[in-house]
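Secondary and tertiary structure notes
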Amino acid sequence: MSRTVGSLVALAVFVAVPFYLEGFWLQAGLFAMAAAIGAIGVNLLTGATGQLSMGHAFFLAVGAYAYVYLAAEPTASLGGLGLPTPVAAVLAVALAGVAGGLFSPIAGRLKGAYLGIATLALIFGGQHLLFNAGPVTGGFNGRAVPAMELFGFAFADGPELVVMDVPFGALERLWFLGGLALLAAALFARGVLRGRPGRALNTIRDHETAAGVMGVPVTRYRAGVFVLSSMYGGLAGVLLALVFQRTVPDYFGMLLSLDYLAMIVIGGLGSVGGAVLGAVFVSLLPQLLTRYGDAIPLVSPSGSGGGLSPAEAARILYGAAVVAVVLFLPGGLLGLPRVLRRRSPGRRPSASPSPDPSPKTRSSHVP
């Protein structure tokens, strides 16, 4: 009952946000939603299966740029297919999965640091393509992102839409689209982790040899979860492109992949809720520091000099958060309430029930 009430309250707050908060908070929330979708994919790969990937930013780039190319109308200098935007979005996610599938034979055979090093090639190769495949990516300047249009409804600033005396522009409309995408991604991942595939992935992570002895096709599962994680990255890339309204190659680099690893460690490895919490923490921190940098000691606005930039300060802070989580919170932020309850001074440990010492019980163990 309490869980149902909590879900209804959370839904009411989510629906009310566009009516009361300004554009900065809506944009920050949408960035957090996109980051959460990508982090869920990384957590399926790294947290649930134990496969280290340093190339997740590559699959976000595939999703973002594939959507732009498939949905944009061709021009004299830039190509495009002009497909309906929902079709372009679905195909972009599928293409990210195809990219993961092309790499999956390597992902199925490597593990640990070896796989992490191998996925670095995706970042370097992807950056080279983004900067040099000008007719597709727009090169250094990137490309404008076509607005999503679903059943005649455009997720853009026009045509004008007013709901309860509140103008609904692109951010307000995308708020609900991003929420639905995140909910669908979280529910699907939760079903995977709680079902038979999730048990197989956890067994591979904990003891690969035992998983093979039990009949789990280890190579197939590793390759499959890599493809699934890539598709999550593609979906996150599509949402990011719609929020940014322009794709630029510099964003999809090594630092973005490191951010995703920080998200799952800070939030909690192997859980959907932990991925969402970590994504909110890591994605919102630099934006908050940028907005309130004037009031924070040692932090100065970008380009002003004389102190840490908001981005540098954010990386230092969540780097310290990673260290703190590893040392004191092995379950991440998701496990913090449990740790606090266990260490509460007014809480007594419950006594475990003692075994029944009756002769009947004792005699039942005698051969």
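Structure first, text after, so check above.
A brief look at the structure comes next. None of these values were measured; they are calculated from a predicted model. (Residues numbered from 1 in each chain as written. Predicted model: local features only at pLDDT ≥ 70, side-chain atom pairs only at ≥ 80, totals over all residues. Heavy atoms only, no water.)

Right, let's talk about the packing of helix α7 (residues 170–194) against helix α8 (residues 196–206) for a bit. Remark: α7 packs on α8, axes separated minimally by 4 Å, with the N-to-C direction vectors making an angle of 65°. On the basis of the axis angle, α7 is roughly perpendicular to α8. Seen from α7, the contacting residues are Val-192, Leu-193 and Arg-194; seen from α8, they are Arg-196, Pro-197, Gly-198 and Arg-199. Of the residues in the contact of α7 with α8, the class split is three nonpolar, one polar and three charged. (Axes fitted to C-alpha atoms, helices over the stretch in contact; angles between N-to-C directions. Helix = DSSP H or I, 4+ residues; strand = E, 2+ residues; numbered from the N terminus. Parallel < 35°, antiparallel > 145°, perpendicular 65-115°, else oblique. Contact = heavy atoms within 4.5 Å. Nonpolar A, V, L, I, M, F, W, Y, C, P; charged D, E, K, R; others polar.)

Moving on, we come to the nonpolar core. Ranked by internal contacts, the top residues of the largest apolar core, which has 82 residues, are Ile-37, Ile-40, Tyr-67, Tyr-232, Phe-252 and Tyr-260. Residues within four places of Ile-37 in sequence aside, it is in contact with Ala-181, Leu-182, Ala-185, Tyr-232, Leu-235, Ala-236 and Leu-239. In this structure, Ala-200, Ile-204, Ala-211 and Val-218 belong to the second largest nonpolar core, which totals five residues. (Core = buried A, V, L, I, M, F, W, Y, C linked by side-chain atoms within 4.5 Å. Buried < 20%, exposed > 50% of the residue type's maximum accessible area, 1.4 Å probe, protein only.)

Further remarks concern helix α11 (residues 254–267). End to end, α11 covers 20 Å across 14 residues, agreeing with the expected 20 Å (1.5 Å per residue, within 8%). Along α11, ten of the 14 residues are buried, which leaves the element largely enclosed by surrounding structure. Buried residues along α11 sit in contact with α2 (23–47), α3 (56–71), α5 (113–132), α10 (218–244), α12 (272–291) and α13 (310–328). Looking at the residues trailing α11, positive phi occurs at Gly-268, about 135°. (Expected span 1.5 Å × (residues − 1).)

One can find Thr-49 in the loop between α2 and α3. Its relative accessible area of 3% is what places Thr-49 among the buried residues. Among the polar contacts listed, one links the side chain of Thr-49 to the backbone oxygen of Leu-44, at a separation of 2.9 Å. Those residues in contact with Thr-49, other than ones at most four positions away along the chain, are Leu-44, Leu-201, Ile-204, Arg-205 and Val-225. (Polar contact = N/O pair within 3.5 Å; in protein donor to acceptor, adjacent residues only side chain to side chain.)

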